[in-house]
Amino acid sequence: MSKNVISPTGSFHPLSAPDFLPLPQLRNVQLQRLKGIVQHAYDHVALFRKRLDDRGVAPRDLRSLDDIVKLPFTEKTDLRDTYPFGLFASPMKDIVRLHASTGTTGKPIVVAYTHEDVQVWTNVMLRSFAACGLHEGDVIQNAYGYGLFTGGLGAHYGAEALGATVIPISGGNTQRQLMVMKDFGVTAICCTPSYFLHIIDQAPEFGINVKDLPLRAGVFGAEPWTESMRRRIEADSGIKAYDIYGLSEIIGPGVAMECLCQAGPHIFEDYFYPEIIHLKTGKPCADGEEGELVLTTLSKKAMPMIRYRTRDITALTSEPCECGRTMRRIKRIARRADDMFIIRGINVYPSQIETALLKVEGALPHYQIVLTREKDLDVIEVQVEVTLEFFTDTVGALEDLQRKLSKSIESTVGLRANVRLVQPRTIQRSEGKAKRVLDQRKM
Ligand code: DLL
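Residues numbered from 1 in each chain as written. Predicted model: local features only at pLDDT ≥ 70, side-chain atom pairs only at ≥ 80, totals over all residues. Heavy atoms only, no water.

Novice: Run through the overall build of the protein chain, naming residues and quoting values.
Specialist: A tally of regular secondary structure across the protein chain gives 11 helices and 23 strands. In terms of C-alpha radius of gyration, the protein chain reaches 22 Å, essentially the compact-globule figure of 22 Å for 443 residues. C-alpha extents for the protein chain along the principal axes are approximately 70 × 55 × 40 Å. Looking at the protein chain residue by residue over its 443 residues, the buried ones come to 56%. Taking as baseline every contact in the protein chain between residues at least 6 positions apart, the subset at least 24 positions apart corresponds to 66%. Carbon and sulfur atoms form 53% of the exposed surface of the protein chain, whose accessible area is close to 19,200 Å². Across the protein chain, the mean location of the 55 positive side-chain charges is 3 Å away from that of the 53 negative side-chain charges. (Helix = DSSP H or I, 4+ residues; strand = E, 2+ residues; numbered from the N terminus. Rg over C-alpha atoms; globule rule 2.2 N^0.38 Å. Buried < 20%, exposed > 50% of the residue type's maximum accessible area, 1.4 Å probe, protein only. Contact = heavy atoms within 4.5 Å. Areas by Shrake-Rupley, 256 points an atom, 1.4 Å probe, with all protein chains shown as cover. Lys, Arg positive; Asp, Glu negative; His and termini not counted. Charge placed at Lys NZ, Arg CZ, Asp CG, Glu CD.)

Novice: Can you lay out the sheet that holds strand β17 (residues 335–336) for me, pointing to particular residues and giving the numbers?
Specialist: Taken in spatial order, the four strands make up an open sheet running β12-β13-β14-β17, and their pairing is antiparallel. On the outer flanks of this sheet lie β12 (272–277) and β17, each paired with one strand and no other. Where β12 and strand β13 (residues 291–297) come together, six bridges link them in antiparallel fashion. Each bridged residue has a counterpart across the sheet, and for F272 the counterpart in β13 is T297. (Pairing = 2+ DSSP bridges.)

Novice: How would you summarise the packing of aromatic side chains if you had to cite specific residues and measurements?
Specialist: Overall, the coordinates contain four aromatic pairs when judged by the stated rule. Seen from their ring centres, F85 and F88 are 4.9 Å apart, and the 25 degrees between their planes marks the pair as stacked. Taking relative accessible area as the criterion, F85 reaches 39% and is therefore assigned partly exposed. Between F220 and W225, the ring centres sit 6.0 Å apart and the planes meet at 90 degrees, which makes this aromatic pair edge-to-face. Pair check on accessibility: F220 and W225 agree, each one buried. Counting every residue linked through ring pairs, the aromatic cluster contains F196, F220 and W225. Over the ring of Y113 we find K300, and its NZ or CZ is 4.7 Å from the ring centre. The ring of F73 carries R309 above its face, with NZ or CZ at 5.3 Å from the centroid. (Phe/Tyr/Trp six-rings, centres within 6.5 Å; stacked < 30°, edge-to-face > 60°. Lys NZ or Arg CZ within 6 Å of the ring centre and 35° of its normal.)

Novice: Lay out the environment of A161 in plain terms, naming residues and giving numbers.
Specialist: Its location among the elements puts A161 in helix α5 (residues 150–162). On the basis of relative accessibility, which here comes to 22%, the residue A161 falls in the partly exposed class. Along the chain, A161 and I277 lie 116 residues apart, while their C-alpha atoms are 35 Å from each other.

Novice: Before we move on, could you go through helix α8 (residues 227–237) and cite the residues and values that matter?
Specialist: For α8, the complete set of buried residues consists of S228, M229, R230, R232, I233, E234 and S237. Here the buried face of α8 lies against α7 (193–202), β8 (217–221), β9 (240–247), α9 (350–358) and β20 (363–374). In the stretch just after α8, G238 is the one whose phi turns positive, near 75 degrees.

Novice: Which residues make up the nonpolar core, and what values go with them?
Specialist: Residues V38, F129, L134, Y245, F272 and L295 are the most contacted members of the largest nonpolar core, which totals 73 residues. For this core, the element with the highest residue contribution is helix α4 (residues 115–131), accounting for nine residues. Discounting residues that sit within four places of it in the chain, V38 has contacts with F48, L52, P59, L62, L71 and I306. Judged by nonpolar contacts, the second largest core, of 27 residues, contains Y195, L197, I199 and L213. (Core = buried A, V, L, I, M, F, W, Y, C linked by side-chain atoms within 4.5 Å.)

Novice: Let's hear about the domain arrangement of the protein chain: which residues, and what values?
Specialist: Considered domain by domain, the protein chain is made up of domain 1 (14–338) and domain 2 (343–439). Its C-alpha centre places domain 1 at a distance of 30 Å from the equivalent point of domain 2. The partner domain 2 presents 18 residues to the 23 residues of domain 1 that form the contact. Between domain 1 and domain 2, a total of about 1,700 Å² is buried, with carbon and sulfur atoms accounting for 50% of that surface. Three residues, D201, M229 and R232, lead the burial of domain 1 against domain 2; their summed loss comes to 27% of the area buried on that side. Our count for the domain 1 to domain 2 interface comes out at three salt bridges. Connecting domain 1 to domain 2 are 10 residue pairs in polar contact (both at pLDDT 80 or more). At the level of secondary structure, the elements contributing two or more residues to the side of domain 1 that touches domain 2 comprise α7, α8 and β17. If one sorts the elements of the side of domain 1 that touches domain 2 by residue count, α7 sits on top with six residues. (Domains from an automatic or database assignment. Buried area = accessible area lost by both parts, 1.4 Å probe. Salt bridge = Lys/Arg side-chain N within 4 Å of Asp/Glu carboxyl O. Polar contact = N/O pair within 3.5 Å; in protein donor to acceptor, adjacent residues only side chain to side chain.)

Novice: Report on the site of the ligand, specifying residues and quantitative values.
Specialist: The ligand sits among 20 residues. The nearest are D243, I244, S248, D312 and K433. D243 has a polar side-chain atom sitting 2.7 Å from a nitrogen atom of the ligand. The side chain of D312 places a nitrogen or oxygen atom 2.6 Å from an oxygen atom of the ligand. Elements supplying a minimum of two residues to the shell around the ligand: α5 and β9. Classifying every residue of the shell around the ligand by side-chain character gives nine nonpolar, five polar and six charged. (Near = heavy atom within 4 Å. Nonpolar A, V, L, I, M, F, W, Y, C, P; charged D, E, K, R; others polar.)

Novice: Can you break down the side chain of T297 residue by residue, with the values?
Specialist: Mapping T297 onto the fold places it in strand β13. A relative accessible area of 1% means that T297 is categorised as buried. At 2.9 Å, the side chain of T297 forms a polar contact with the backbone nitrogen of M305. For T297, the residues in contact, after removing those within four places along its chain, are I37, I250, Y271, P304 and M305.

Novice: Go over the packing of α7 against α8, please, and point to the residues and values.
Specialist: Between two packed helices, what matters for the description is the angle formed by their axes and the separation of those axes. Where α7 contacts α8, the two axes come as close as 11 Å, and the packing angle between them is 30 degrees. Relative to α8, the element α7 lies roughly parallel. As α7 runs across α8, the sense of the crossing is left-handed. Residue-level inspection shows P193, F196, L197 and I200 of α7 in contact with α8, the latter providing M229, I233, D236 and S237. A per-class count over the contact of α7 with α8 returns six nonpolar, one polar and one charged. (Axes fitted to C-alpha atoms, helices over the stretch in contact; angles between N-to-C directions. Parallel < 35°, antiparallel > 145°, perpendicular 65-115°, else oblique. Left-handed = near helix turned anticlockwise from the far one by under 90°.)

Structure follows, in C-alpha cells:
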C-alpha cells in the first residue's frame, strides 16, 4: 500500500479519493446507485415492494435524486416486525456476516452483509481513519466491543486495510487497556467518549500520565457527546478527539467521520444518501436546518435501507470544509428523538444537561439523570461527580458549587433540577454506551 500524503488541512489515502469527487460527478454516482438499489430492494424485499405498489410508484420513476421523496420511509419497527431476516434482499448463501443491536427497548434488530457489503464497510472505515490523519504505521487500540455490536469488527477491518497495526482489545478491563496503551506504543484509540474518559481517569492510579504517551488521536462515537465534552477530553489527555458516526441499520461505524478540521462528520455520500426531515411532518428541511437524519444505503446488497429514519437529530450542511472534501457534513449529533424526556412539560435532552454541567468549574464529565415521581409530580435529580479538591473543601464551597450547577441547568434548560454532588468514581461507568438517564417514574 502506498504511503499517505498528509496536507496541513487534511490527510489523503489513495482510497479516500471519492471524498473529494467533484459534485456533479458525485450526484451522478448517487443517482445511478440509488436507481440500482431501489430496483434491488423492490425485487427482493416483500415489504418494500408492497409499499411502493400501494403508492403506485415504480423504481423506474426515479429520474433525479429529488425523486427520492416519492419513496416510503423505513423505520426501526419495520426491522422488529420482520425479525429476524424479513428485510434481507440476498439469499442466505450470499450473506457472510450478521450483527445485531439490542437498543434500549424490545427485540434486537438483525443486520446482514454480503462479501461486497463488508468490502464497502471496510472502505468507509479506512476513509474514516484516513480523514483524521491516521495511516500506515499507526498503532490503533480498538476498544469498541467485538461481537454482535458493529463497533469492534467495523473499526477492525478498516484499520487493517489502512495498513495500521490493530490491537483488537475490545471493551473493558481498564487496567489492561492502559498497560497495552503504554507498552505497545499506541498512537490512536477507538471507543466511546465516555469510556475513554474513564480510561484517562484511571491512568494515574497505574502510574500513567496519558499526556506522556504517544497517543495522539481518538476515534470516538456510538453515543451522543457534546463539544464541551470534546474540549474536556482533549484538555485532560492531550490528544485530538474526532467524532465518528454510524448505526447498525445502515452499516455500523463509518457512515460519517470528522476530518482534521473537526467541523462535524462528513457523510460518505457515495454510499449513504442523507436527508433531513421535520420530526413531525416528515417534510424535507432546508440546508442547515435541524431535523431528523434519514439515510438511504446506495450499495448495500444484503439489507438495503431506503429512507431509514434514524431518530438522530442533526442538520446537514453543504458549506465547503477547509479540508476540500465535497461530501456534506452533519452537525454533531448530540441528541436522539428517543432520548428526549419530558419533565414538568419541558422537553429535555441529556446533552443539554451535559453542556450546562461542563460550563461550571469543579464538575467532572461523569453524571447521571434520575427521574422519579413524588405525589404525582416529576422530580429530576442530576447526580454529578466533582473533583476531589471540592470534596475535601468546606461545606460552603460545595454548596456554592451546587448552586452554580443548578443555575447553569436552569439557564440552559429552563428547568429547576435537584443537583446532587457525588465523589469522583461514584457513578457507574460503562465500557460501551453510557446510560445517562434512569427513569424510575414508571416503576
Ligand atoms: O453505535 C455504531 C458505531 C460504532 C458508531 C462505533 C460509531 C462508533 P448502534 O449500536 O446501532 O451502532 O447505535 C447507533 O448510536 O443512531 C446514534 O443514536 C448513536 N451514535 C452513533 N454514533 C454517534 C455519534 C453504533 N458519533 C446509534 N454521535 C445512532 C452521537 C451516535 N450519537
